[in-house]
Amino acid sequence: MKRWRLLACAMLACASMAAGAHNFHMGIADISYNAASGSTEVVHTYTGHDVEALLTNLYQRRFDLGQEDSEAALRRYVDKQFYLVAPDGKRLRLNWVGMKVNADNVLIFQEIEHTRLAPATRIHNQLLIDFLPSQRNTLNVQDSGSVQTLMFDRQNTELPIRQAPLYP
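Basis of the calculations
Residues numbered from 1 in each chain as written. Predicted model: local features only at pLDDT ≥ 70, side-chain atom pairs only at ≥ 80, totals over all residues. Heavy atoms only, no water. Helix = DSSP H or I, 4+ residues; strand = E, 2+ residues; numbered from the N terminus. Expected span 1.5 Å × (residues − 1). Buried < 20%, exposed > 50% of the residue type's maximum accessible area, 1.4 Å probe, protein only. Arc of directions from axis to C-beta. Contact = heavy atoms within 4.5 Å. 1 Å grid on protein atoms, 1.4 Å probe; cavity = no way out; pocket = protein on both sides within 12 Å on 5 of 7 lines; lining within 4 Å. Points joined across faces, edges and corners; volume = space filled by probe spheres on them. Nonpolar A, V, L, I, M, F, W, Y, C, P; charged D, E, K, R; others polar. Axes fitted to C-alpha atoms, helices over the stretch in contact; angles between N-to-C directions. Parallel < 35°, antiparallel > 145°, perpendicular 65-115°, else oblique. Pairing = 2+ DSSP bridges. Phe/Tyr/Trp six-rings, centres within 6.5 Å; stacked < 30°, edge-to-face > 60°. Lys NZ or Arg CZ within 6 Å of the ring centre and 35° of its normal.

A.B. asks: Explain helix α2 (residues 48-59) to me, and be specific about the residues and the numbers.
C.D. replies: When the terminal C-alpha atoms of α2 are compared, their 17 Å separation across 12 residues agrees well with the 16 Å that a helix rising 1.5 Å per residue should span. Among the residues of α2, Gly-48, Asp-50, Val-51, Leu-54 and Leu-55 are the ones counted as buried. Along the long axis of α2, the arc covered by the buried residues comes to 165°, so they all point the same way. Residues of α2 that are buried make contact with β2 (39-47), α3 (68-81) and β5 (105-112). Looking at the residues trailing α2, positive phi occurs at Gln-60, about 55°.

A.B. asks: Give a description of empty space enclosed by the protein that names residues and reports values.
C.D. replies: Under the defined criterion, the tally for this structure stands at 1 cavity of 30 Å³ or more. What the largest cavity holds in volume is close to 60 Å³. Along its surface, the largest cavity is lined by Tyr-46, Val-51, Leu-54, Leu-74, Tyr-77, Val-78, Ile-108, Leu-127 and Leu-128. Of all the elements in the fold, those that place two or more residues in the lining of the largest cavity are α2 and α3. It is α3 that provides the largest number of residues to the lining of the largest cavity, a total of 3 residues. Among the residues making up the lining of the largest cavity, the classes are represented as 9 nonpolar, no polar and no charged.

A.B. asks: Lay out the packing of α2 against α3 in plain terms, naming residues and giving numbers.
C.D. replies: Two elements in contact, α2 and α3, have axes whose closest approach is 11 Å; the angle formed by their N-to-C orientations is 85°. By the criterion of interaxial angle, the relationship of α2 to α3 is roughly perpendicular. Taken together, the residues of α3 that come into contact with α2 (itself represented by Val-51, Leu-54, Leu-55, Leu-58 and Tyr-59) are Ser-70, Ala-73, Leu-74, Arg-76 and Tyr-77. A class-by-class count of the residues in the contact of α2 with α3 yields 8 nonpolar, 1 polar and 1 charged.

A.B. asks: Quick one: what's the story with the sheet that holds strand β3 (residues 82-85), residue by residue and with numbers?
C.D. replies: In space, the 3 strands of this open sheet follow the order β3-β6-β9, with antiparallel pairing throughout. Of all the strands in the sheet, just β3 and β9 (158-160) have a single pairing partner and so form its edges. Mean inter-strand twist for the sheet, computed between neighbouring axes without regard to direction, equals 20°. Its contacts with the sheet put α3 on β3 and β6 (122-125), and the angle it makes with β3 is roughly 35°.

A.B. asks: Give me the packing of aromatic side chains: which residues, what numbers.
C.D. replies: According to the stated counting rule, one finds 1 aromatic pair in the structure shown. When the ring centre of Phe-63 is taken as reference, the NZ or CZ atom of Arg-61 above it lies at 4.1 Å. Above the plane of the ring of Tyr-33 lies Arg-116, whose end atom (NZ or CZ) is 4.2 Å from the centre.

A.B. asks: Could you give me a rundown of unusual backbone geometry, with the residues and numbers involved?
C.D. replies: Located in the positive-phi region is His-114, a residue other than glycine, with phi close to 50°. Topologically, His-114 is positioned in the loop between β5 and β6. Judged by relative accessible area, which is 63%, His-114 ranks as exposed. Even without being glycine, Ala-120 reaches a positive phi, approximately 75°. By secondary structure assignment, the location of Ala-120 is in the loop between β5 and β6.

Listed below in structure tokens is the structure:
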């Protein structure tokens, strides 16, 4: 009887750990034009433990996102997996501004100095999609009060900004 109770407790403990792990992976990013600076600003938000798992998988060692070497590793990954392509086919220069880490999330800040995105600019967003099969990334593009929302997943990793705004 004692063994059955221990087995039942062990099964309940395993079930509760599995229920606590999330299996829905999502990120969100906002791109907006800052008229005061004349620059386009990008802010990404991703789940901290997904980013840590990604970096651990890429570099085969544990990462603490609060450390400088973690920021450099994440920057290399973001530069490879997120970029914008102008209508003429040239990749736009995204500057890394920095990142902020809290208990749950990682916020990544980038900008394209002195540039306003042109219609038909293509956005490539494969952040975490290459690592987590169920990853979905939502990206909101805001310019002059209009907002366009783009959804990225394994089938859609590069999408254009539409010529007409979603909301006039």
